[in-house]
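Chains, contacts and geometry: an overview
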Amino acid sequence: MRVQKKTVVLDVRHLRTEFGTQERPLVAVDDVSFQVAEGEILGLVGESGSGKSITLRSILGIIRPRGRVAGEILWNGQDLVPLDEARLRRIRGREIAMIFQEPMSSLNPLLTVGLQISENLVAHTDLDARARKARAIELLDLVGIPAARSRLDDFPHEFSGGMRQRVMIAIALASNPKLLLADEPTTALDVTIQDQILRLIQSLSRDLGMAVILVTHDMGVVAETCDRVAVMYGGRLCEIGTTTEVIADARHPYSLGLLRSIPRDVAPRTPLYSIPGAPPALNALPPGCAFSARCPVAGGDCADVRPRLQGAGALRQVACHHLQDALAHFGPREAAQ
Amino acid sequence: MTMPMPMQAGPIPLLSLCALSMRFEKRRSLSDTLARRPQQVVSAVNDVDLDVMPGETLGIVGESGCGKSTLARLIAGLHRPTAGDILFEGKSVVGLKGARRRAYNRRVQMMFQDPYTSLNPRMTVRDTLREAITVHRMRDGAAIDRRVDELLDLVRLPEGAADKYPHEFSGGQRQRIGIARALSLEPTCLVADELVSALDVSIQAQVVNLLIELQDELGLTVLFVAHDLRLVRHVSHRVAVIYLGAIVEIGPSEALFSKPMHPYSKGLLAAAPSLDPSARRRAPALVGELPSPLAIPPGCPFHVRCPHATERCRREKPALRPVGAGMTACHFAETIGDA
């Protein structure tokens, strides 16, 4: 585990992203704060509509002009929120790169893979054509594409899903980014290929000292890949801490319920724990805790009074009014696996 | 184990697949024809023998493109196999036509992955269910509406749901409508192709619980095709692992998951993300990708990715044979399985 003090590269403070009109805004991300250190992999986990992807996009400034971002996004001390497009472009794609869930729709189907890597090298480096080609081969090799040299002239459709995601990562790495934003990069892939891509991201982060924010809905992916994890619900953070701590000993009723609904050490074919109801719509969030409507331990104040993130242990924060009740409700987990 | 396990010899299987194969011919382009290139053939399902016992849940797992959905669709009668036979209660169903075809279709119902595209957006839930019930003449007159309410109750949808359109429901609720539609025909066997894959984790558990409950209540046989191994382990009595259109291992769920014998099953299970951060690996569990079903490797189809492959594996295709609690198609299952 890497828990020792490392330089914080990204410091997000009170991020708020909203869409719609000023009078009736839809708040997709509400008062989200977290930090990412160099070489660290932070998992951002939540269900569809929890705001995890919008958080990533807000960092990169790609939700404007329709979305409005407030709060601070400090990238090595510099706030990205007030930057104009031109200045943002010097950071976006160069220092901070992003990969998406659907590599086929992010790659240009009409350009060869070599050309698409070169494009990024032209934009962000001063390499000449020959050096760019050499670098492109090096990058494809780095992300584990066999016979890299012979594949430069291939088009995206000639690659499999897993190989396309590797190409996307190669393009993202072209500018030597210090932070990689990965938006469900393995959701469309098979478990075996997902495993290969996650191991690749892990080794790149370790070898290049690159920070990664990995958005996923799968707690298993987090457990196997991330150093720390932030659990999101209804656009808010409900729990953040080291992966080991959150998985083994979750505190927020939502994280507890989410982990409990995954079958592990339960008798086969017995009812699984399920969180009642469905995630709330953004226009129907209560003023208090977003999870209160589905929460088994919600009290009278939960729907009205917003719980703040509070320290629970040295490295963890939880936003819940009823931590004791939550632990009592879900009971201690048998440690045996 | 206290679970009712289907016996090997006792009752006759509900469903038997005998040397079942499905090949899709790729369309030849004009230039292929002019150049006299041979026709390309996708071998999606190869020579599969499989018995499904009444009342059991058989899990079918494998990577995308391994043929698990084709297998499900063959069973549901959506494809006609190119070779082999499907027996339902001992009788062949491959060449059925007319009323007999409809009778089989009624008894084997398929449920699909995508709750957004498998329901007609212009039909209310009531219309969707009524259509199924009237086509198969399950009920008459006023009994139809009573049955609709009964079905919605069965899948735990609220009373007012019948007169709403699919877009008014969440993904999990739509999947319940799909289940209600399948159950409206009082089937014997349900084929669930990635039933919960499109749903959020917290909703998956609700639908899986419902499926298990309904199965026990109605005595259904279920084929559960999925790629989420944790869920398959949870719902299945037996599990078949498919690789390039063939079964490489089949056995009781707990035995297979706790001690897989085939190197592919081992790799597949190890690749599935576990919830134990201490079980982290630096190297991927399985290298390489599924070869194209247009050109299945000779010998053991898995030998190109197998860490244990020998000369024999490149030459000789291993047959599915009893190993441990189940059946495995590997020349070296005993030595590898115990490793």
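Residues numbered from 1 in each chain as written. Chains lettered and ligands numbered in written order. Predicted model: local features only at pLDDT ≥ 70, side-chain atom pairs only at ≥ 80, totals over all residues.

This part takes up the overall build of chain B. Counting secondary structure elements, chain B contains 12 helices and 12 strands. In terms of C-alpha radius of gyration, chain B reaches 21 Å, essentially the compact-globule figure of 20 Å for 339 residues. Expressed as a percentage of the 339 residues in chain B, the buried residues total 46%. For chain B, restricting intrachain contacts to residue pairs at least 6 apart in sequence, the fraction spanning at least 24 positions comes to 67%. (Helix = DSSP H or I, 4+ residues; strand = E, 2+ residues; numbered from the N terminus. Rg over C-alpha atoms; globule rule 2.2 N^0.38 Å. Buried ≥ 20, exposed ≤ 12 C-beta atoms within 10 Å, placed from the backbone. Contact = placed C-beta atoms within 7 Å.)

It is worth spelling out the domain arrangement of chain B at this point. Residue and element names in this part refer to chain B. Partitioning chain B into structural domains gives domain 1 (13-24 + 41-236) and domain 2 (256-272 + 287-339). The C-alpha centroid of domain 2 is placed 30 Å from the C-alpha centroid of domain 1. With eight residues of domain 1 at the interface, the matching set in domain 2 holds seven residues. Top element by residues in the side of domain 1 that touches domain 2 is strand S2 (residues 41-52). It accounts for three residues. A per-class count over the side of domain 1 that touches domain 2 returns four nonpolar, two polar and two charged. (Domains from an automatic or database assignment. Nonpolar A, V, L, I, M, F, W, Y, C, P; charged D, E, K, R; others polar.)

This brings us to the sheet that holds strand S5 (residues 91-92) of chain B. Residue and element names in this part refer to chain B. On the basis of which strands lie adjacent, the open sheet formed by four strands has the order S2-S1-S4-S5 and antiparallel pairing. With one partner strand each, in any of the chains shown, S2 and S5 form the two edges of the open sheet. With respect to the sheet, helix H2 (residues 68-75) is in contact with strand S1 (15-25), S2 and strand S4 (83-88), its orientation differing from that of S2 by roughly 60°. (Pairing = 2+ DSSP bridges. Axes fitted to C-alpha atoms, helices over the stretch in contact; angles between N-to-C directions.)

Before going further, it helps to examine the domain arrangement of chain A. All names here are of chain A. Taken domain by domain, chain A comprises domain 1 (8-95 + 177-330) and domain 2 (108-176). A straight line from the C-alpha centre of domain 1 to that of domain 2 covers 30 Å. Taken together, the contact between domain 1 and domain 2 spans 11 residues of the former and 13 residues of the latter. Considering every element that reaches the side of domain 1 that touches domain 2, the biggest residue donor is helix H8 (residues 191-208), with four residues. In terms of residue class, the side of domain 1 that touches domain 2 is built from eight nonpolar, two polar and one charged.

A word on the sheet that holds strand S11 (residues 310-311) of chain A. Residues and elements named next belong to chain A. Reading across the sheet, the eight strands line up as S6-S7-S8-S3-S9-S10-S12-S11 and stay open at both edges, with mixed pairing between neighbours. Each edge of the sheet is formed by a strand with only one pairing partner; in this case those strands are strand S6 (96-99) and S11. With four bridges joining them, strand S3 (residues 41-45) and strand S9 (residues 228-233) adopt parallel strand pairing. Paired with Val45 across the bridge in S9 is Val231. Of the strands in this sheet, S6 and strand S7 (179-183) are in contact with helix H7 (residues 161-173), which crosses S6 at around 170°.

Residues and elements named next belong to chain B. The predicted model of chain B has a mean per-residue pLDDT of 90, with 97% of residues at 70 or higher. Confidence drops under a pLDDT of 50 for residues 1-7, and excluding neighbours within four residues, the segment shows seven contacts in the predicted structure. Confidence estimates for the predicted assembly give a pTM of 0.89 and an ipTM of 0.85. (pLDDT = per-residue confidence, 0-100.)

Let us look at the environment of Met210 of chain A. Residue and element names in this part refer to chain A. By the element assignment, Met210 lies in the loop between H8 and strand S8 (211-216). Among the residues examined, Met210 registers 22 C-beta atoms within 10 Å and is labelled buried. The residues touching Met210, leaving out its near neighbours within four places in the chain, are Gly39, Pro177, Lys178, Leu179, Leu180, Leu204 and Ser205.

Next up on the list: the packing of H8 of chain A against helix H10 (residues 263-271) of chain B. Helices that pack against each other are described as a pair by the angle of their axes relative to one another and the distance between those axes. The interhelical angle for the contact between H8 of chain A and H10 of chain B, taken along N-to-C directions, is 55°, at an axis separation of 8 Å. Judged on the interaxial angle alone, H10 of chain B and H8 of chain A are oblique. Pair H8 of chain A / H10 of chain B crosses with left-handed handedness. For the pair H8 of chain A and H10 of chain B, contact is made by Val191, Thr192 and Asp195 of chain A and by Gly267, Leu268 and Ala271 of chain B, respectively. For the contact of H8 of chain A with H10 of chain B, a count of residues per class yields three nonpolar, two polar and one charged. (Parallel < 35°, antiparallel > 145°, perpendicular 65-115°, else oblique. Left-handed = near helix turned anticlockwise from the far one by under 90°.)

Judged by nonpolar contacts, the single largest core of 95 residues is most densely connected at Leu223, Phe224, Val241 and Ile247 of chain B. Counting contributing residues per domain, this core is built from domain 1 (13-24 + 41-236) and domain 2 (256-272 + 287-339) of chain B, each supplying no fewer than three. Residues Val9, Val45, Leu259 and Ala326 of chain A belong to the second largest nonpolar core, which totals 90 residues. (Core = buried A, V, L, I, M, F, W, Y, C linked by C-beta atoms within 7 Å.)

Our focus in this paragraph is helix H6 (residues 171-183) of chain B. Residues and elements named next belong to chain B. Taking 1.5 Å as the rise per residue, H6 with 13 residues should run 18 Å; its terminal C-alpha atoms sit 18 Å apart, in good agreement. Of all 13 residues making up H6, 12 are buried, and the element is well covered by its neighbours. Of all the residues in H6, the buried ones are Gly172, Gln173, Arg174, Gln175, Arg176, Ile177, Gly178, Ile179, Ala180, Arg181, Ala182 and Leu183. The secondary structure elements touched by the buried residues of H6 are strand S6 (108-111), helix H4 (125-135), helix H5 (142-154), strand S7 (189-193) and helix H7 (201-218). (Expected span 1.5 Å × (residues − 1).)

Next up on the list: the interface of chain A and chain B. Taken together, the contacts link 38 residues of chain A with 38 residues of chain B. The dominant element in the side of chain A that touches chain B, judged by the number of residues it contributes, is H8 of chain A, at seven residues. Its residues assigned to classes, the side of chain A that touches chain B comprises 16 nonpolar, 14 polar and eight charged.

Residue and element names in this part refer to chain B. Structurally, Gly160 can be placed in the loop between H5 and H6. On the basis of neighbour counts, which here come to 9 C-beta atoms within 10 Å, the residue Gly160 falls in the exposed class. Expressed as a C-alpha distance, the spacing of Gly160 and Leu256, which sit 96 residues apart in the sequence, is 44 Å.

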